[in-house]
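Structural overview for review
The primary structure of each chain is shown beneath.
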Amino acid sequence: MINDWFWLLLPVAAASGWWVARRLHPEDQGDQEPSLHRYLEGVRYLLDDRTDDALQAFIEMVEVDHETFETHVILGRLFRRRGEVDRAIRIHQNLVARPSLKDEQRAQALNELGQDFLLAGVLDRAEAVFRELADSPHQAVPALKGLQHVYETQREWERAIEVGTRLKSHNVPNEHLRIAHYHCELATIALEHGDRTTASERSVHAEELVPGLSRALLIKSEIAEREDRIADAIAYGREAVARTPPLAPLVVPRLERLHQALPGENRLGQLEQTLEDLANSRGITVARIALMRLYRRTGRLDAALSELGMILSQRPVPTSGLLEAVRWMKILPAVQEYSVEFAAFEKALSDQLGSQHLYQCMNCGYQGRAHVWQCPSCRRWDTLRGLDFELDASTEEAEDALVREGTR
Ligand SMILES: [Zn+2]
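One structure accompanies this document, and this report is about it. (Residues numbered from 1 in each chain as written. Predicted model: local features only at pLDDT ≥ 70, side-chain atom pairs only at ≥ 80, totals over all residues. Heavy atoms only, no water.)

As a further point, take the packing of aromatic side chains. Evaluated as defined, the whole model comprises 3 aromatic pairs. Between Trp 157 and Trp 381, the ring centres sit 5.9 Å apart and the planes meet at 75°, which makes this aromatic pair edge-to-face. In this pair, Trp 157 sits in helix 9 (residues 157–169) while Trp 381 sits in the loop between strand 2 (367–368) and strand 3 (384–386), placing the two residues 224 residues apart along the sequence. Taken as a pair, Trp 157 and Trp 381 share a single burial class, namely buried. (Phe/Tyr/Trp six-rings, centres within 6.5 Å; stacked < 30°, edge-to-face > 60°. Helix = DSSP H or I, 4+ residues; strand = E, 2+ residues; numbered from the N terminus. Buried < 20%, exposed > 50% of the residue type's maximum accessible area, 1.4 Å probe, protein only.)

Moving on to the sheet that holds strand 3. The strands making up a sheet associate through backbone hydrogen bonding, with each pair oriented either parallel or antiparallel. Strand order in the open sheet made by the 3 strands is 2-1-3, with antiparallel pairing throughout. At either end of the open sheet lies a strand with only one pairing partner, and these are strand 2 and strand 3. In this structure, strand 1 (residues 359–361) lies alongside strand 2, joined through 2 bridges in antiparallel fashion. Its bridge partner lying in strand 2, Tyr 359 is registered against Gly 368. (Pairing = 2+ DSSP bridges.)

Before going further, it helps to examine helix 6 (residues 103–120). With 18 residues, helix 6 should reach 26 Å at 1.5 Å per residue; the first-to-last C-alpha distance of 26 Å fits that figure. Along helix 6, the residues that are buried comprise Gln 105, Ala 107, Gln 108, Ala 109, Leu 110, Asn 111, Glu 112, Leu 113, Gly 114, Asp 116, Phe 117 and Leu 118. Of the residues flanking the end of helix 6, it is Gly 121, one or two places downstream, whose phi is positive at about 80°. (Expected span 1.5 Å × (residues − 1).)

The next point concerns the coordination of the zinc ion. Every protein donor of the zinc ion is listed here as Cys 361 (SG), Cys 364 (SG), Cys 375 (SG) and Cys 378 (SG), and their distances to the metal cover 2.3 Å. Here the zinc ion binds 4 donor atoms, and the angle range of 106 to 114° at the metal identifies the geometry as tetrahedral. One chain supplies every donor for the zinc ion, spaced along it as C-x2-C-x10-C-x2-C. Relative accessible area serves as the criterion here: at 2%, Cys 361 is assigned to the buried category. (Donors = N, O, S within 2.8 Å, 3.2 Å for Na, K, Ca; no water. Tetrahedral: all angles 85-135°; square planar, octahedral: opposite > 155°, others 65-115°.)

So, about the nonpolar core. In this structure, Leu 147, Val 252, Leu 275, Leu 278 and Ala 287 are the most contacted members of the largest nonpolar core, which totals 68 residues. Contact partners of Val 252, with chain neighbours within four places excluded, come to Leu 275, Leu 278, Val 286, Ala 287 and Ala 290. Formed by 13 residues, the second largest nonpolar core is a distinct cluster that contains Leu 177, Ala 190, Leu 191 and Ala 206. (Core = buried A, V, L, I, M, F, W, Y, C linked by side-chain atoms within 4.5 Å. Contact = heavy atoms within 4.5 Å.)

Here the focus is the packing of helix 10 (residues 175–192) against helix 11 (residues 196–209). At a minimum axis distance of 8 Å, the contact between helix 10 and helix 11 shows a crossing angle of 170°. It follows from the interaxial angle that helix 10 and helix 11 lie roughly antiparallel. Contacts from His 176, Ile 179, Ala 180, His 183, Cys 184, Leu 186, Ala 187, Ala 190 and Leu 191 in helix 10 reach Arg 196, Thr 198, Ala 199, Arg 202, Ser 203, His 205, Ala 206 and Leu 209 in helix 11. Considering only residue class, the contact of helix 10 with helix 11 consists of 10 nonpolar, 5 polar and 2 charged. (Axes fitted to C-alpha atoms, helices over the stretch in contact; angles between N-to-C directions. Parallel < 35°, antiparallel > 145°, perpendicular 65-115°, else oblique. Nonpolar A, V, L, I, M, F, W, Y, C, P; charged D, E, K, R; others polar.)

In short, geometric facts, not functional conclusions.
Structure representation (structure tokens):
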């Protein structure tokens, strides 16, 4: 037996459409018998749980006017939200085929159909529908957003830029941030092919749209590293993490590696200064752990212990900090006779860290282990932030600055 209330919309819409037909075409009263027969047949299908037959019977007989049109649009949407995309497509295709629709209604039905195709993953059909709509006076913005979704999924960044630029001209907010990331995607592809010139041009375009965009700075850091300009590479990396401190899990290992490549005796001193700044001024745990490692490596055990104390005073205590502490403590002479226990402790923490999500989307709460620039769940750009460190006042200020930047 049917157990969803919204199936009842079907006979209501059909009956209402039938009365519309009666009102609009009183001369065709003789044709009402077959319609009534078909209607009752639909109700019988519904009662017998033959839902697809019922759907077909009802949508075939509907004459569309303003009320029945809205009912059908809503019904199609309900099916789409439940993941029953084939049924949504049938309803919306049936609507689009109706010659009696006004231009505005046809555009709305087409947009719904495009959304169905998007969800079904039939991207070429979604693209065709949205392309047709994008130039029409109705539904142009939803259609352009649909196209944007298609091109982002297909990673066709040039086309995504074109569509984003059109959306920007419609004053859609945050498009400049999206377009900047499309340029960054193209820069990354260029770098993969060894094309530093194109990568550089793209990062400039990105920074023109969003000045100080951390991702563009990281691309510039990468280009500088490839050109052996290590000091520049470090400077860009530092600027990136200063602008967006929660990206530290991504940037700190890179800064550690770059400092190793610096010529001269003072390279560890420079690294220390960078890490101290990130740990003390911005409260970034990843930097504090790296600092603790550095102190230990250079024989300053008291300083290392002091950093460890600060890590252990955090709530929650980051697993990565605990793991680093255990790895260090197990080699101290005083605990050698507990080496088995320490090894077990290390493995337990390592397993826990291996199963943890390391990044979270600030917009929708999605969590994942790898950093990606576009959230796979809500599709917003540059919303993933590192989870494993404390956020103090200074980083919250930086977050506010980022949000202001994103909404400008
Ligand atoms: Zn998200």
